[in-house]
Amino acid sequence: MFRHWFVAHRSLVLTIVGGAVITALVTAFAITSTGFTAQQLNLNDSSVWVVNGAQQAIGRANTTVRQLNSVVSTTGSDLDVLQTSSTIMLVDNADSKLQIVDPATSTVTQTVPLPPNQPQVFLSKNMVVIVAAATGQVWMTPIQLISTYSSQSVPTLSLGPNVVASMDSNGVMFVYSPSAKRVDRIEPDTSQVVVGTDTLSLPVRNTFSLTSVDGQWAVLDATTSRVYVAGASATLR
């Protein structure tokens, strides 16, 4: 995964994107607990929701005492968890569904079907953003209305096939479309349109990953082992 690459090559990335960016990336990706892997860290809280696909569960880990204080079971093994101060969402990639978790009772209160085309789910302060990576369709739905979401509805944006996407902790989203040869910036909490674009022309058949932090993006071309940021690139070999 791209996050593992960042940890392994942090010295190189440091020269490209700067110390503050790589520090934030490594911090966000480093926490693990008893086989559970952190998906998103709230740095203003002593707890973080973590996943364990082997145990088909997510758990709330108290980072101060390094213990789990609640567990929510599910049916799939390919899991992600999304967290804000008041919203917890479990993404079951195997069963293509989104589950809303009540942290007070550690129970699933709602289940929402996801689109079939390699869905990804992102959570900003006010919005749930669902991306069908294979088609490039993007749906933006207010958190309180997510139970009404349908993949049959008209997408908010269509950005081209085989996209990769990322959202930073401030809710700024980036989507790279190899066919459109651009990285689009989207700010779902303030607008439902593309608010900025960087050109990035790479072979469409290559394999890409995208990550972002503090409003900066980085695209890894796994086929050529080359990383790209706005205005710069470097080969890893």
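Owing to the predicted nature of the structure, the values given are computational and were not obtained by experimental measurement.

Participant: Just to check I follow, could you spell out the side chain of threonine 74 for this structure?
Facilitator: Relative to the assigned elements, threonine 74 resides in the loop between β5 (67-73) and β6 (79-83). There is a polar contact of 3.2 Å between the side chain of threonine 74 and the side chain of glutamine 99. Beyond its immediate sequence surroundings of up to four residues, threonine 74 is in contact with Gln56, Ala57, Leu79, Leu90, Asp92, Lys97 and Gln99.

Participant: Looking at this structure, I do not really get the pattern of salt bridges. What am I missing?
Facilitator: Pairing is possible between side chains of opposite charge, provided their charged atoms come close. Evaluated as defined, the whole model comprises 2 salt bridges. Across the pair glutamate 187 and arginine 185 runs a salt bridge, and its minimum N-O distance is 2.9 Å.

Participant: Would you mind going over the nonpolar core with me for this structure?
Facilitator: Of all hydrophobic cores here, the largest spans 16 residues; its most connected members are Met89, Leu98, Val121, Val128, Ile130 and Ile146. Every element with two or more residues in this core is listed here: β7 (88-92), β8 (97-102), β10 (119-123) and β11 (127-132). Per-element tally for this core: the top contributor is β11, with 3 residues. Not counting the four nearest positions on each side in its chain, leucine 98 is found in contact with Met89, Leu90, Val91, Gln110, Thr111, Val112, Leu114, Val121, Val128 and Ile146. Listed in part, the 14 residues of the second largest apolar core include Val138, Val163, Ala165 and Ile186.

Participant: Explain the packing of aromatic side chains to me, please; I cannot follow it from the model alone.
Facilitator: Any two aromatic rings considered together are summarised by their centre-to-centre distance and by the angle between their planes. Inspection of the entire model under this criterion finds 2 aromatic pairs. For the pair tryptophan 139 and tyrosine 149, a centre-to-centre distance of 5.7 Å together with 80 degrees between the ring planes defines the contact as edge-to-face. In this pair, tryptophan 139 sits in strand β12 (residues 137-142) while tyrosine 149 sits in the loop between β12 and β13 (157-158), placing the two residues 10 residues apart along the sequence. Tryptophan 139 gets classed as buried once you look at its relative accessible area, which sits at 3%. A relative accessible area of 8% means that tyrosine 149 is categorised as buried. Each ring, one from tyrosine 176 and one from phenylalanine 208, has its centre 5.3 Å from the other, and the planes form 85 degrees; the classification is edge-to-face. Separated by 32 residues along the polypeptide, tyrosine 176 in strand β15 (residues 173-177) and phenylalanine 208 in strand β18 (residues 208-213) bring together distant segments of the chain.

Participant: Is there a simple way to think about the sheet that holds strand β16 (residues 182-186) in this case?
Facilitator: Hydrogen bonds along the backbone pair up the strands of a sheet, which may run parallel or antiparallel. Strand order in this open sheet of 4 strands is β14-β15-β16-β17, and the pairing throughout is antiparallel. Each having just a single partner strand, β14 (164-167) and β17 (194-199) make up the two edges of the open sheet. Each strand axis lies, on average, 20 degrees off the axis of its neighbour in the sheet, ignoring direction. Relative to β17, β16 is paired through 5 bridges, and the arrangement is antiparallel. Directly across from isoleucine 186, in β17, lies its bridge partner valine 194.

The rules we used
- Per chain, the residues get numbers from 1 upward, laid out in the order the sequence is written.
- The model is predicted, so local features are restricted to residues of pLDDT at least 70 and side-chain atom pairs to those at 80 or more, both for listing and for counting; the totals for chains, interfaces and linings are taken over all residues.
- To get the side-chain values, take all heavy atoms of the structure and skip hydrogens and water.
- In this text, helices come from DSSP runs of H or I with a minimum length of four residues, and strands from runs of E with a minimum of two, each type numbered from the N-terminal end.
- N or O atoms within 3.5 Å of each other form a polar contact, as long as, within protein, one can give a hydrogen and the other can take it, and as long as residues adjacent in sequence are counted only when both atoms are side-chain atoms.
- In what follows, a contact means two residues having at least one pair of non-hydrogen atoms within 4.5 Å.
- One side-chain nitrogen of Lys or Arg within 4 Å of one carboxyl oxygen of Asp or Glu is enough to make a salt bridge.
- In plain words, nonpolar cores are sets of buried Ala, Val, Leu, Ile, Met, Phe, Trp, Tyr and Cys residues tied together by side-chain atoms within 4.5 Å.
- The classification of residues rests on relative accessible area computed with a 1.4 Å probe and restricted to protein chains. Under 20% of the type maximum is buried, over 50% is exposed, and intermediate values are partly exposed.
- Only rings of Phe, Tyr and Trp enter the pairing, Trp through its six-membered ring, and a pair is recorded when the two centres are within 6.5 Å. The plane angle decides the type: under 30 degrees is stacked, over 60 is edge-to-face, the rest tilted.
- Here, a strand pair is defined by DSSP locating no fewer than two bridges between the strands.
- Simply put, an axis is a line fit to the C-alpha atoms, just over the touching stretch for a helix, and the angle between two N-to-C directions goes from 0 to 180 degrees.

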